[in-house]
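Notes for the structure review
Listed below are the residues making up each chain.
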Amino acid sequence: MRLIDTHTHLDFPDFDADRPQLLANAAARGVERMVVLGVYQANFQRVWELACSDSRLYAALGLHPVYLDQHRPEHLVQLRDWLERLRGDPRLCAVGEFGLDYYLPELDPQRQQALFEAQLQLACDFELPALLHVRRSHAQVIATLKRYKPQRAGIIHAFAGSYEEAREYLKLGFKLGLGGAATWPQALRLRKTLARLPLDSVVLETDSPDMAPVMYPGMRNSPEHLPEIAAALAEVMGVDVGLLAEASSRNAGELFGW
């Protein structure tokens, strides 16, 4: 079974003690490629060095809304500089992680929107996929995407919206990132939505070290867990796990140009 983990934070200190062993274990379990996403200016270099250190790793760079108070206007300028410098390098695969988070009340919506739109414009300018964080903000994200109409589209990370919201993203060319959340039986609405999604609409992810699946409760999540996550999601979707793995890897490959 060939798998692609489209969303990880493998540069985080959580992995410093055993990163090489983890990568070897993931590869042995069929995880052929992994995307590592930047979340603030201070980890761009770390993400890039990691992508350069292992041919299975690819970098995305972005300014995450949860770190809104850390971002400065010059960080957007530096993000553009990074994208310009790395233009055409196959190890850079996307802009992200960025988006809107309306779950945390302390995050100012207007400042988030300005940062979101600035990065969406960068994704359009550099013709790169956008890897989007969307939490309780689907309507605003969909409305913004309809205005910008990015040609390369991207992924709605950790999709947990309704079937109607899923359809809107699919019309815009986006894929839906599925990971540990839907493996939990409590996620009733999400599991019902997944059962209605076509295979060409989804990609797999872990969000390591976060979003541990039901079979690893409270543990550090890892690309090593992607086979079990895929099996659990395939059961929810009513398809063979091999079909889900094949389709999700094909979808990711087409999106990133692999």
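The shown structure was predicted, so the numbers you read here are calculated from the model rather than taken from an experiment.

All right, on to unusual backbone geometry then. Following G96, the chain continues to E97 via a peptide bond in cis, the omega torsion being 25 degrees. Among the structural elements, E97 can be located in strand β4 (residues 92–101). Here the residue pair S208 and P209 is connected by a cis peptide bond, since its omega of 10 degrees sits within 30 degrees of zero. Tracing the backbone shows P209 in the loop between β8 (202–204) and α8 (226–237). One non-glycine residue, A153, lies in positive phi territory at about 55 degrees. Looking at the secondary structure, you find A153 in the loop between α5 (138–148) and β6 (154–157). One non-glycine residue, D207, adopts positive backbone phi at about 60 degrees. With respect to the helices, strands and loops of the structure, D207 is situated in the loop between β8 and α8.

Further remarks concern the nonpolar core. If you look at the biggest cluster of nonpolar residues, it comprises 66 residues, and the most contacted ones within it are L10, L132, Y169 and L194. The greatest single-element share of this core, amounting to seven residues, is contributed by α8. For Y169, the contacting residues outside a window of four places in its chain are V134, H138, V141, I142, L145, I156, F159, F174 and L176. Judged by nonpolar contacts, the second largest core, of 13 residues, contains A60, C93, A94 and F256.

Here the focus is the packing of α5 against helix α6 (residues 163–171). In contact at an axis separation of 10 Å, α5 and α6 are set at 20 degrees when each is read in the N-to-C sense. Classified by the interaxial angle, the pair formed by α5 and α6 is roughly parallel. Considering only the axes of α5 and α6, their crossing is left-handed. Residues H138, V141, I142, L145 and K146 of α5 touch α6, and the partners they reach there are E165, E168 and Y169. A breakdown of the residues in the contact of α5 with α6 according to their chemical character gives four nonpolar, one polar and three charged.

Our focus in this paragraph is empty space enclosed by the protein. Applying the stated criterion to the full structure yields one cavity of 30 Å³ or more. Of the voids in this model, the largest cavity is the one considered here, and its volume is about 30 Å³. Lining the largest cavity we find A158, F159, G177, L178, G179, A181, A182, L190 and M211. Residues that form the lining of the largest cavity fall into these classes: seven nonpolar, two polar and no charged.

Before going further, it helps to examine the pairing of strand β2 (residues 31–37). Counting buried positions along β2 yields five of seven residues, so the element is predominantly enclosed. Bridging between strand β1 (residues 3–8) and β2 involves four bridges; their strand directions are parallel. Following the sheet pairing, L3 is matched in β2 by V31. After leaving β1, the chain enters helix α1 (residues 19–28) and then returns to the sheet as β2, a path that is right-handed. Where β2 meets strand β3 (residues 57–61), four bridges bridge the pair, whose relative direction is parallel.

One open sheet holds the eight strands; their spatial order is β1-β2-β3-β4-β5-β6-β7-β8, and the pairing between them is parallel. Strands with a single pairing partner mark the edges of an open sheet, and in this sheet they are β1 and β8. Across the sheet, the mean angle from the axis of one strand to that of its neighbour is 30 degrees, orientation sign disregarded. In the sheet, strand β5 (residues 130–135) pairs with β6 via four bridges, with the strands oriented parallel. In the strand pairing of β6, L131 is matched with I155. Those strands touched by α5 are β4 and β5, and its axis lies near 150 degrees from that of β5.

About the thresholds
Residues numbered from 1 in each chain as written. Predicted model: local features only at pLDDT ≥ 70, side-chain atom pairs only at ≥ 80, totals over all residues. Heavy atoms only, no water. Helix = DSSP H or I, 4+ residues; strand = E, 2+ residues; numbered from the N terminus. Core = buried A, V, L, I, M, F, W, Y, C linked by side-chain atoms within 4.5 Å. Buried < 20%, exposed > 50% of the residue type's maximum accessible area, 1.4 Å probe, protein only. Contact = heavy atoms within 4.5 Å. Axes fitted to C-alpha atoms, helices over the stretch in contact; angles between N-to-C directions. Parallel < 35°, antiparallel > 145°, perpendicular 65-115°, else oblique. Left-handed = near helix turned anticlockwise from the far one by under 90°. Nonpolar A, V, L, I, M, F, W, Y, C, P; charged D, E, K, R; others polar. 1 Å grid on protein atoms, 1.4 Å probe; cavity = no way out; pocket = protein on both sides within 12 Å on 5 of 7 lines; lining within 4 Å. Points joined across faces, edges and corners; volume = space filled by probe spheres on them. Pairing = 2+ DSSP bridges. Right-handed = clockwise from strand over helix to strand, strands pointing away.

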